[in-house]
Amino acid sequence: MVSESNSAERVRLDIDGHIATVTLDRPNKLNALYPEMILRLVDVIEQVRRDNSVRVMVLRGEGRAFCAGDDLAPEDRFKYGPPDLQTRMRTGFPRAVVDMLTLRKPVVGIVQGYAVGAGLDLALACDFRFSDPEAKFGAVYVNRGLGGGSTYLLPRYVGLGRATEMLLLGRFVEMEEAQRLGLVTEVVTKDKLEERAFELAHKLAKGPTQAYGAIKNARNQGLGLDPVKGFEAQVLANVELMFHKDAREGPRAFKEGREPDFTAEWIDLQYDPLRPYE
């Protein structure tokens, strides 16, 4: 069986202060995903969402790869039902990708080695991607006679023409090209990779978490809207933020010439006294 170990051991969650580190831990298979592992990842993302003390999520892979995609071993691929739309959206890797995209907290990816197939989608669902110089990216579904993966996110990063080339040829993209295409945020030597990623994570953890979430939500909506509706989503993001204390703290700190102390706390209109100028 593919699920040779408890899924909780294959997707680890470690919380340190305001940072949740999620580790894909199946290094002997380059962190290839199987059904229980995917569902465990979904559960972990939900834990991160619910935990108000967590303000940043870091996604990494154990060993020499970030994620080699779906494990295609036949005995477990459709353990939770046939490959129909509803089943795949609930139990397949697209569920985890959507949950990361819609998580209203920043997601920092540490991408080493390979990010291919479903692993590429997971990497692109991160808001920031730190990679080592040897990392390779690939939408390799076509090489297996498949074709649905990366068709949503990849064109939004690299444009329709280059995405079509990558999707139809199923070739690997190495780091020089990945940088040029905007697939990575920063390239860091292997010995400094995690240090640099967590440096950003700590910075984000001190930032306006609710604003990050509103920006991500407006971004997601804007991708499928006409210009007018897109700007409406932008305006609504700021309206929503008026219900959070950080939207008061930011202007106040600017006026007082100091660094803001963002807390990610929201204003309970039913119980909190409304003192907008304090």
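Before going into details, it helps to say that this report is about the structure given with it. (Residues numbered from 1 in each chain as written. Predicted model: local features only at pLDDT ≥ 70, side-chain atom pairs only at ≥ 80, totals over all residues. Heavy atoms only, no water.)

1. Things to note about the overall build of the chain
Part 1: When helices and strands are counted, the chain shows 12 helices and 9 strands.
Part 2: Per-residue burial for the chain yields a buried fraction of 45% across its 278 residues.
Part 3: If you take every contact in the chain between residues at least 6 apart in sequence, the share linking residues at least 24 apart comes to 68%.
Part 4: As displayed, the chain has an accessible area near 14,600 Å², and 54% of this comes from carbon and sulfur atoms. (Helix = DSSP H or I, 4+ residues; strand = E, 2+ residues; numbered from the N terminus. Buried < 20%, exposed > 50% of the residue type's maximum accessible area, 1.4 Å probe, protein only. Contact = heavy atoms within 4.5 Å. Areas by Shrake-Rupley, 256 points an atom, 1.4 Å probe, with all protein chains shown as cover.)

2. Topic: the pattern of salt bridges
Part 1: With the rule as written, the count across this model stands at 25 salt bridges.
Part 2: The residue Arg196 makes a salt bridge to Glu199 at a minimum N-O spacing of 3.8 Å. Within this pair, Arg196 and its partner Glu199 are both found in helix H9 (residues 193–205), separated by 3 residues, close to a single helical turn.
Part 3: For Glu199, a relative accessible area of 48% translates into the label partly exposed.
Part 4: Taken together, the salt bridges that share partners define one network made up of Arg12, Asp14, Asp25, Arg60, Glu62 and Glu194. (Salt bridge = Lys/Arg side-chain N within 4 Å of Asp/Glu carboxyl O.)

3. Looking at the sheet that holds strand E1 (residues 11–16)
Strand pairing in a sheet relies on backbone hydrogen bonds. The paired strands run either parallel or antiparallel.
Part 1: The strand order across the open sheet formed by 6 strands is E1-E2-E3-E4-E6-E9, and the pairing between neighbours is mixed. Two strands lie at the open edges of the sheet, namely E1 and strand E9 (186–187), each paired on one side alone. (Pairing = 2+ DSSP bridges.)

4. Quick notes on the packing of aromatic side chains
Part 1: Tallied over the entire structure, the rule returns 2 aromatic pairs.
Part 2: On the numbers, 6.5 Å between centres and 20° between planes, the contact of Phe93 with Tyr141 is stacked. Of the two residues, Phe93 is situated in helix H4 (residues 93–102) and Tyr141 in the loop between strand E7 (136–138) and helix H6 (153–158); the sequence distance between them amounts to 48 residues. Tyr141 carries the same exposure label as Phe93, and that label is buried.
Part 3: The interplanar angle of 65° and the centroid separation of 6.0 Å between the aromatic rings of Tyr114 and Phe172 together place this pair among those described as edge-to-face. One end of the pair, Tyr114, is in strand E5 (residues 114–116); the other, Phe172, is in strand E8 (residues 172–173), with 58 residues separating them in the sequence.
Part 4: Given the relative accessible area of 29%, Tyr114 is considered partly exposed.
Part 5: Exposure remark for Phe172: the relative accessible area of 41% places this residue in the partly exposed category.
Part 6: Arg156 extends its terminal NZ or CZ atom over the ring of Tyr152, reaching a point 3.8 Å from the ring centre. (Phe/Tyr/Trp six-rings, centres within 6.5 Å; stacked < 30°, edge-to-face > 60°. Lys NZ or Arg CZ within 6 Å of the ring centre and 35° of its normal.)

5. Quick word on H9
Part 1: With 13 residues, H9 should cover 18 Å at 1.5 Å per step; its first-to-last C-alpha distance of 18 Å lies within 8% of that length.
Part 2: Burial in H9 covers these residues: Leu193, Ala197, Phe198, Leu200, Ala201, Leu204 and Ala205. All buried residues of H9 fall inside an arc of 155° around its axis, so they share one side.
Part 3: Of the surrounding secondary structure, the elements contacted by the buried residues of H9 are strand E2 (19–24), strand E3 (56–61), strand E4 (107–111), strand E6 (128–131) and helix H10 (209–222). (Expected span 1.5 Å × (residues − 1). Arc of directions from axis to C-beta.)

6. Considerations on the pairing of E4
Every other side chain in a regular strand lies on the same face of the sheet, so the side chains alternate between the two faces.
Part 1: Of all 5 residues that make up E4, 5 are buried, and the element is covered over most of its length.
Part 2: The pairing of E3 with E4 spans 4 bridges and is classified as parallel. Bridging across to E4, Val58 finds its partner in Val108.
Part 3: Note that E4 and E6 share 4 bridges and pair parallel. Within E6, the position partnered with Ile110 by the bridge is Phe130.

7. So, the environment of His18
Part 1: In this structure, His18 sits in the loop between E1 and E2.
Part 2: For His18, a relative accessible area of 38% translates into the label partly exposed.
Part 3: In this structure the C-alpha to C-alpha distance between His18 and Val56, which are 38 residues apart in sequence, comes to 6.5 Å.
Part 4: Residues within four places of His18 in sequence aside, it is in contact with Ser53, Val54, Arg55, Val56 and Ala205.

8. Points about the packing of helix H2 (residues 35–50) against H4
Part 1: Between H2 and H4, the shortest axis-to-axis distance is 9 Å and the interhelical angle comes to 15°. Taken as axis vectors, H2 and H4 run roughly parallel relative to one another. With respect to the hand of their crossing, H2 and H4 are arranged in left-handed fashion. Taken together, the residues of H4 that come into contact with H2 (itself represented by Ile38, Leu41, Val42 and Ile45) are Phe93, Arg95, Ala96, Asp99 and Met100.
Part 2: Of the residues contributing to the contact of H2 with H4, the split by class is 7 nonpolar, no polar and 2 charged. (Axes fitted to C-alpha atoms, helices over the stretch in contact; angles between N-to-C directions. Parallel < 35°, antiparallel > 145°, perpendicular 65-115°, else oblique. Left-handed = near helix turned anticlockwise from the far one by under 90°. Nonpolar A, V, L, I, M, F, W, Y, C, P; charged D, E, K, R; others polar.)

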